[in-house]
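Chains, contacts and geometry: an overview
This is what each chain is made of:
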Amino acid sequence: MVKYSERLHANIVPGWSQHYMDYGMLKRRIKEGNSRRSSSFAGAPALPEGLRAALLTTRTSFERDRPANIDGFEPANFRASAIAEADKVERFYKLRMRHAMEEWSVHKVRLLALAEPADGVGLLGQGDYSNDDEVRERVQTAVTELYRSLTRLRNFCIVNYTGFVKIAKKFVKQSERASKEEDGGVTAHVHKCEFSGEKGISFGELDALIGSVEITFAAVFTNGKVDDARHRLLTRKWQATDWRTFKRGLNLGITLQLLLWVTWAVFVESNVLRSPTWQAVHTSNDWMATQLPVYRGIFCLTLAVWCWGALLYVWNIGRVNFAFLFEFDEGSGRTYSEVFDFATSWSQWCLLNFLLFFKTLHGVNPMPVSASVFPLSLFLSAFGVLALTDAKTFGFGLHTVRCVVTAPFAPVTFWTSFAADALTSLVQPMSDLAYSACYFGSGEFWRHSAHESLMEGVCETAPVVKQIIRPLIAALPLWFRLCQNLHQYHATHTRFPWLLNGLKYATSMTVVVFGYFHPSMAHRGAWSPYRVTYVCAFVGSTLFSFCWDILMDWKLLEIVPDAELQPSRRGSQFERLRRWLCWTRIRLRSQRMYGGTAPYVVAIFLDFFLRFIWTTTLIPSERMLKQMPAFFHIISPFTAAAEVCRRGMWSVLRVESEHLSTEGYRRVQSVPLDFDDTYASQRESKEAYVEQQKRSKSLVISEIVVFAVVVMALATTAILTRSHTALPPHVTVTHG
């Protein structure tokens with residue numbers, strides 16, 4: 001993970017850079033103390049542990065007030081430097097607060113004057129000029145800039161307080177102090193400063209000023225809706241379009257055309273053209289059982305890439321500082337534009353490959369090749385893309401996998417828990433990839449190309465695959481999350497929420513494993529006690545996971561304080577009844593970063609239904625496979641894709657919830673908002689501009705021409721090959 005000094009630098013506002021704490025300098029002070037300690041006592045015998053403990057415990061009261069100097073470690077330079085840095089941050093914070101209060105006193109008068117007048121006179125008696133659009137625009141712009149400045153100041157407090165907490169912890173660790181309080185008084189001094197607020201969780205005067213701006217702005221511009229006002233005040237500034245935007249739009253259009261073409265070929269054209277070859281393939285399910293899993297796994301992973309790009313876009317719009325939460329390195333991250341560019345290009349190749357495979361399978365492809373060549377080429381190209389990944393990104397991925405797999409022993413961060421949760425939704429794609437490796441590695445695809453019947457091939461019926469590999473792929477992600485929760489419980493010594501969350505994954509893992517090894521429990525038949533128990537566990541586990549999503553992962557519901565409850569007009573008894581039933585005590589959480597309530601309500605309903613679809617995809621039904629194999633194979637890609645989309649929706653709200661209130665992965669509870677004018681965003685904009693200059697207009701035009709020629713050639717090939725196919729007897733061609 002990235003070091004905090006780099007994270008601090010990435011969140012610095014350029015105009016305020018000299019007022020942030022010098023984290024690197026304080027680290028050097030600690031290293032200087034350690035170096036003096038080691039050089040002064042080189043070759044000298046160390047103090048016995050009992051004598052050292054006695055010296056620490058028998059100091060006088062005057063000596064206890066001074067920093068300890070046992071074993072030659074001298075923290076005086078560090079303490080003086082840290083306090084000086086804290087005073088520097090405190091002076092700048094007070095200066096900015098004083099200027100902000102003065103500026104707000106002026107803007108507040110102008111805002112109140114813009115409010116809707118009563119009887120032709122404004123709220124301040126200055127007459128009605130609220131309908132002057134130019135005045136309203138100027139006031140709105142000024143208040144927006146003030147609000148952004150206050151939010152940046154809050155970010156300034158968060159990152160500096162976090163830096164002091166981390167540097168004090170590092171000092172205590174490297175100087176081998178007996179307790180966390182023996183840091184030379186640095187932490188106590190920081191907590192006395194106003195910029196630290198209540199240990200970095202809330203900042204009284206600053207938060208009150210921000211709330212006043214939001215309420216007043218909402219009363220004037222958004223009819224009192226504070227959430228809409230907050231979203232309007234933090235709307236991002238859009239960048240001007242360039243050639244890359246046009247290219248992305250063109251590529252997206254080509255991808256959608258290929259998607260429509262594939263949909264037409266599979267669901268419409270296969271029922272219209274009924275040549276002997278087409279009819280034989282259409283009524284056979286061999287390719288669905290043997291070759292469709294290859295495409296299903298790769299298509300689901302491609303959809304996951306699309307979802308990741310959408311997540312980056314939504315987090316960027318909502319100003320969710322995901323890079324700070326995930327502790328991403330600035331250089332290893334990818335913007336949503338880069339992710340969408342890759343997803344578009346790869347999707348075009350996948351759709352084109354499947355289209356050629358489907359056409360060849362039905363005997364309408366003019367190329368004299370076997371249909372099995374196309375899934376093999378797609379499978380190999382996927383590994384080629386993985387091999388061409390840059391070393392830094394590939395190493396970061398391997399590090400993440402290692403931390404997830406060794407969960408009981410490796411430290412658990414928000415990113416590793418997030419990645420493990422994502423793996424639980426990629427069970428079907430990972431199972432399909434394992435099947436694909438067996439399908440191509442065993443040479444089964446060559447026998448299929450020789451037109452042998454492979455309705456139940458080696459990789460589909462092998463006991464190792466059915467009883468070991470697939471159950472492991474389904475259960476291991478849940479096991480990893482269970483181990484992560486147990487690790488957090490051991491590290492924090494708090495049972496809630498870690499043990500309860502671990503129980504959720506343990507229940508889900510039990511249901512999945514039981515369903516794999518006892519598939520008859522999911523079939524229709526007599527309701528034995530074992531089957532009743534299994535169905536109850538099935539439904540209970542799903543409902544448990546759904547409730548955990550709403551209440552804990554998303555934290556969408558909160559209890560209404562007594563001061564905000566409105567008294568009922570039907571008497572006190574009815575009011576007590578409503579309170580007892582919690583009809584008026586529960587609402588959506590007040591802090592939301594994505595605007596109104598509609599997205600959150602829709603997410604609750606979608607999560608409820610998609611949760612059950614996800615669980616059924618992990619438990620295959622043998623009776624369904626035997627009686628309705630075609631329906632199961634056709635519907636399985638959609639159920640797997642639905643789970644990937646559900647995980648993407650879950651991720652949007654999960655990271656937002658972690659941004660607003662951390663769950664114990666960091667020492668400081670607050671997270672700075674994401675802004676466009678930090679050093680990291682300015683560097684990304686500069687790199688994007690340099691990359692844009694490297695690509696000339698002629699190159700862009702040539703790429704457009706190539707794409708157009710390829711699409712036209714494919715369309716022409718489809719028309720020519722279809723013209724030689726005999727039409728069904730009931731279809732006639734007439735000439736006007």
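Since we're looking at a predicted model, the values are computed, not measured.

**What about the packing of aromatic side chains?**
Tallying each qualifying case throughout the model produces 40 aromatic pairs. Between phenylalanine 328 and phenylalanine 396, the ring centres sit 5.6 Å apart and the planes meet at 85°, which makes this aromatic pair edge-to-face. Of the two residues, phenylalanine 328 is situated in the loop between helix 14 (322–326) and helix 15 (336–361) and phenylalanine 396 in helix 17 (residues 391–405); the sequence distance between them amounts to 68 residues. With a relative accessible area of 13%, phenylalanine 328 lands in the buried category. Three or more aromatic residues joined by ring pairs make a cluster, and in this case those are Trp308, Trp315, Phe322, Phe326, Phe328, Phe396, Phe414, Trp415, Phe418 and Trp650. The ring centre of tyrosine 600 lies 5.8 Å from the NZ or CZ of arginine 592, which sits over that ring. Over the face of the ring belonging to tryptophan 650 we find arginine 647, whose NZ or CZ atom lies 4.5 Å from the ring centre.

**A short note on the nonpolar core**
If you look at the biggest cluster of nonpolar residues, it comprises 56 residues, and the most contacted ones within it are Phe195 and Leu206. Contributions of two or more residues to this core are made by helix 1 (4–10), helix 2 (23–40), helix 5 (76–114), helix 6 (133–174), helix 7 (186–192), helix 8 (204–221) and helix 9 (226–233). Leucine 206 has contacts with Tyr93, Met97, Leu150, Leu153, Arg154 and Cys157, leaving out every residue within four places of it along the chain. One finds Val320, Leu588, Tyr600 and Val655 within the second-largest nonpolar core, a separate group that totals 27 residues.

**Quick word on the packing of helix 6 against helix 9**
At a closest axis distance of 10 Å, the pairing of helix 6 and helix 9 adopts a crossing angle of 85°. One way to sum up the angle between helix 6 and helix 9 is to call them roughly perpendicular. Here Gln140, Val143, Thr144, Tyr147 and Arg148 of helix 6 lie close against helix 9, whose contacting residues are Arg230, Arg232 and Leu233. Looking at the contact of helix 6 with helix 9 residue by residue, the classes come out as 3 nonpolar, 2 polar and 3 charged.

**Here's the deal with the environment of alanine 265**
Within the element layout of this structure, alanine 265 appears in helix 10 (residues 243–272). When the C-alpha positions of alanine 265 and phenylalanine 358 are compared, they lie 8.0 Å apart, and in sequence the two are 93 residues distant.

**Observations concerning the environment of alanine 537**
On the secondary structure map, alanine 537 appears in helix 24 (residues 529–553). For alanine 537 and valine 511, which are 26 residues apart along the polypeptide, the C-alpha to C-alpha distance reads 6.8 Å.

**Focus: the environment of proline 375**
Looking at the secondary structure, you find proline 375 in helix 16 (residues 373–387). As for proline 375 and glutamine 291, which are separated by 84 residues in sequence, their C-alpha atoms are 7.2 Å apart. Setting aside residues up to four positions removed in sequence, proline 375 forms contacts with Gln291, Val294, Tyr295, Asn353, Phe357 and Phe440.

What counts as what
Residues numbered from 1 in each chain as written. Predicted model: local features only at pLDDT ≥ 70, side-chain atom pairs only at ≥ 80, totals over all residues. Heavy atoms only, no water. Phe/Tyr/Trp six-rings, centres within 6.5 Å; stacked < 30°, edge-to-face > 60°. Helix = DSSP H or I, 4+ residues; strand = E, 2+ residues; numbered from the N terminus. Buried < 20%, exposed > 50% of the residue type's maximum accessible area, 1.4 Å probe, protein only. Lys NZ or Arg CZ within 6 Å of the ring centre and 35° of its normal. Core = buried A, V, L, I, M, F, W, Y, C linked by side-chain atoms within 4.5 Å. Contact = heavy atoms within 4.5 Å. Axes fitted to C-alpha atoms, helices over the stretch in contact; angles between N-to-C directions. Parallel < 35°, antiparallel > 145°, perpendicular 65-115°, else oblique. Nonpolar A, V, L, I, M, F, W, Y, C, P; charged D, E, K, R; others polar.

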